[in-house]
Amino acid sequence: MMQWVMGMLVLMLSLPAGAAGEQEVTLAVEGGVLHGTLSLPAGDGKVPVVLLHAGSGPTDRNGNSAMLPGRNDALRMLADALARNGIATLRYDKRGIGASAPAGLREADLRLDHYIDDATAWLRQLRADPRFSRVLMAGHSEGALIAAVACQRAPADACISIAGAGSSLDEILRVQLKPRLPPELYQQNEHILQSLARGELVADVPAALLALYRPSVQPYLISSLKYPPRAAVAALSMPLLIVQGSTDLQVSVDDARALAAAAPKAKLVIVPGMNHVLKLVSGELAQQMPSYANPDLPLAPGLVDAVTAFVQGP
């Protein structure tokens, strides 16, 4: 089946050589068509290209989530900045999101592997495009894990992790829930996590935990637990850049250091003042929340500098 899927993949890129700007691109996959935006810098000759992957949930190619009001446009802004620095990018709506909504699956049928396979297919098509000198992938948040696995399968020339978690989902949930749950409910939570880690569905979920472990989402959680982030980066044989903001309230500097410890050859960059949506914001909650819906707020310049130097480096 996988060979059939790969055989059916098509990437349509129609900008002529030397042209600068944005072009809508599509990728046919089993179950539908994915839509994205190719951004090309001005000038002639081959250029490096970075595949950008958004974070978890209903987050589109530009970095905006349907669960939040307004836009931050973080990934669009990153693409624009890299184009000005001579680097092409391709960012896309995941299946089920934005223009790729018709390619979506029912929650019960969705797996992290679908996102990994889609990213791998984009990387292979970019590799086949003669306009690009090098092919890299950058993933944000959950996209960082997807990038680490997809880069092994394509493979890419290098991988970039931006605000990627340093712990697996079950480890994160244990830390977050232990101070919030009474002991008996926490033990039930532990039983559920252990079952999911073994690949076993859990039929009897307490009502208080049903939002987290509803039957339809359990297959996706099981698929995610197959890919511990530290093991994923440790398996990479190509250069790896790990970028983390110092004012990120969702992923910490300790996460980035954990990833770097698992991949000692990686380059680690801590960007002062960068939050989870890549904007230059203090750590105060009163400033953090508006930044998630403010496209006029600039990106943290340290992010652009770090990615540019890594992509253009030796």
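Refer to the preceding data block for the structure.
Residues numbered from 1 in each chain as written. Predicted model: local features only at pLDDT ≥ 70, side-chain atom pairs only at ≥ 80, totals over all residues. Heavy atoms only, no water.

Caption draft 1: Seen up close, the overall build of the protein chain. Of regular secondary structure, the protein chain possesses twelve helices and eight strands. At 19 Å, the protein chain has a C-alpha radius of gyration in line with the 20 Å of a compact globule built from 314 residues. Dimensions of the protein chain, computed from C-alpha atoms along their principal axes, come out at roughly 65 × 45 × 40 Å. The contacts of the protein chain with a sequence gap of at least 6 include a subset with a gap of at least 24, amounting to 65%. (Helix = DSSP H or I, 4+ residues; strand = E, 2+ residues; numbered from the N terminus. Rg over C-alpha atoms; globule rule 2.2 N^0.38 Å. Contact = heavy atoms within 4.5 Å.)

Caption draft 2: Structural view of the environment of Ala156. By secondary structure assignment, the location of Ala156 is in the loop between α4 (142-153) and β6 (158-162). Ala156 sits 33 residues away from Leu123 along the chain, and the two C-alpha atoms are 7.0 Å apart. Not counting the four nearest positions on each side in its chain, Ala156 is found in contact with Leu123, Arg127, Val135, Leu136, Cys151 and Met238.

Caption draft 3: Here's a closer look at the pattern of salt bridges. All chains considered together, the criterion is met by 17 salt bridges. Note that Asp109 and Arg106 form a salt bridge whose closest N and O atoms lie 3.0 Å from each other. We note a salt bridge from Glu107 to Arg214, for which the minimum N-O separation is 2.7 Å. Separated by 107 residues along the polypeptide, Glu107 in the loop between β4 (88-92) and α3 (112-128) and Arg214 in the loop between α7 (210-213) and α8 (218-225) bring together distant segments of the chain. For Arg214, a relative accessible area of 31% puts it in the partly exposed group. Taken together, the shared-partner salt bridges in this structure form one network comprising Arg71, Asp73, Arg76 and Asp80. (Salt bridge = Lys/Arg side-chain N within 4 Å of Asp/Glu carboxyl O. Buried < 20%, exposed > 50% of the residue type's maximum accessible area, 1.4 Å probe, protein only.)

Caption draft 4: The arrangement of the sheet that holds strand β8 (residues 267-271) in detail. Pairing within the open sheet is mixed, and its eight strands lie in the order β1-β2-β4-β3-β5-β6-β7-β8. Where the open sheet ends on each side, the last strands, each with one partner, are β1 (21-29) and β8. Geometrically, the sheet is characterised by an average inter-axis angle of 20° between neighbouring strands, direction not taken into account. Contacting β6, β7 (240-245) and β8, helix α10 (residues 253-262) runs over the sheet at an angle of about 165° to β7. Running over the sheet, helix α12 (residues 301-312) touches β3 (47-53), β5 (132-140), β6, β7 and β8 and is turned about 170° from β6. (Pairing = 2+ DSSP bridges. Axes fitted to C-alpha atoms, helices over the stretch in contact; angles between N-to-C directions.)

Caption draft 5: Molecular detail of the nonpolar core. Core analysis: the largest hydrophobic core is formed by 48 residues, its most contacted members being Leu51 and Met137. Ranked by the residues each element gives to this core, the list is headed by α3, at eight residues. Residues contacting Leu51, with those up to four places away along its chain left out, are Leu90, Tyr92, Ala119, Trp122, Leu123, Leu126, Leu136, Met137 and Ala138. Membership of the second largest hydrophobic core comes to 31 residues, among which are Ala54, Ala79, Ile87 and Leu303. (Core = buried A, V, L, I, M, F, W, Y, C linked by side-chain atoms within 4.5 Å.)

Caption draft 6: Local environment of a nonpolar patch on the surface. There is a patch of nonpolar side chains on the surface, built from Leu249, Leu285 and Met289 and spanning about 320 Å² of accessible area. With respect to the element layout, Leu249 can be found in the loop between β7 and α10. (Patch = residues over 30% accessible without salt bridge, like charges linked within 9 Å, V, L, I, M, F, W, Y side chains within 5 Å. Areas by Shrake-Rupley, 256 points an atom, 1.4 Å probe, with all protein chains shown as cover.)

Caption draft 7: Region of interest: helix α2 (residues 74-84). Counted residue by residue, α2 has eight buried out of eleven residues, so it is predominantly covered. Among the residues making up α2, those that are buried are Ala74, Leu75, Met77, Leu78, Ala79, Ala81, Leu82 and Ala83. Of the residues one or two after α2, Gly86 is the one with positive phi, at around 85°.

Caption draft 8: Expanded view of the packing of aromatic side chains. According to the stated counting rule, one finds two aromatic pairs in the structure shown. Ring plane angle 35° and centroid distance 5.1 Å describe the contact between Tyr92 and Trp122, whose orientation is recorded as tilted. Of the two residues, Tyr92 sits in strand β4 while Trp122 sits in helix α3, which places them 30 residues apart along the sequence. Residues Tyr92 and Trp122 agree in their burial class; the two are buried. Look at Tyr115 and Tyr220: their rings are 6.2 Å apart centre to centre, the planes differ by 70°, and that puts the pair in the edge-to-face class. One end of the pair, Tyr115, is in helix α3; the other, Tyr220, is in helix α8, with 105 residues separating them in the sequence. The two residues Tyr115 and Tyr220 agree in class, both being buried. (Phe/Tyr/Trp six-rings, centres within 6.5 Å; stacked < 30°, edge-to-face > 60°.)

Caption draft 9: The arrangement of the environment of Asp113 in detail. With respect to the helices and strands, Asp113 occurs in helix α3. Along the primary structure Asp113 and Ser224 are separated by 111 residues, whereas in three dimensions their C-alpha atoms are 8.1 Å apart. With residues near it in sequence (within four places) discarded, Asp113 still touches Ser223, Lys226 and Tyr227. A distance of 2.5 Å separates the side chain of Asp113 from the side chain of Tyr227, its partner in a polar contact. (Polar contact = N/O pair within 3.5 Å; in protein donor to acceptor, adjacent residues only side chain to side chain.)

Caption draft 10: How the structure looks around unusual backbone geometry. Omega for the peptide link from Ala154 to Pro155 comes to -15°, which places this bond in the cis form. Examined against the element boundaries, Pro155 turns out to sit in the loop between α4 and β6. Although it is not a glycine, Asp73 sits at a positive phi angle of roughly 60°. For Asp73, the position within the fold is in the loop between β3 and α2. With a phi angle near 60°, Ser141 is a residue other than glycine that sits in the positive phi range. Take Ser141: it is sitting in the loop between β5 and α4. Ser141 gets classed as buried once you look at its relative accessible area, which sits at 17%.

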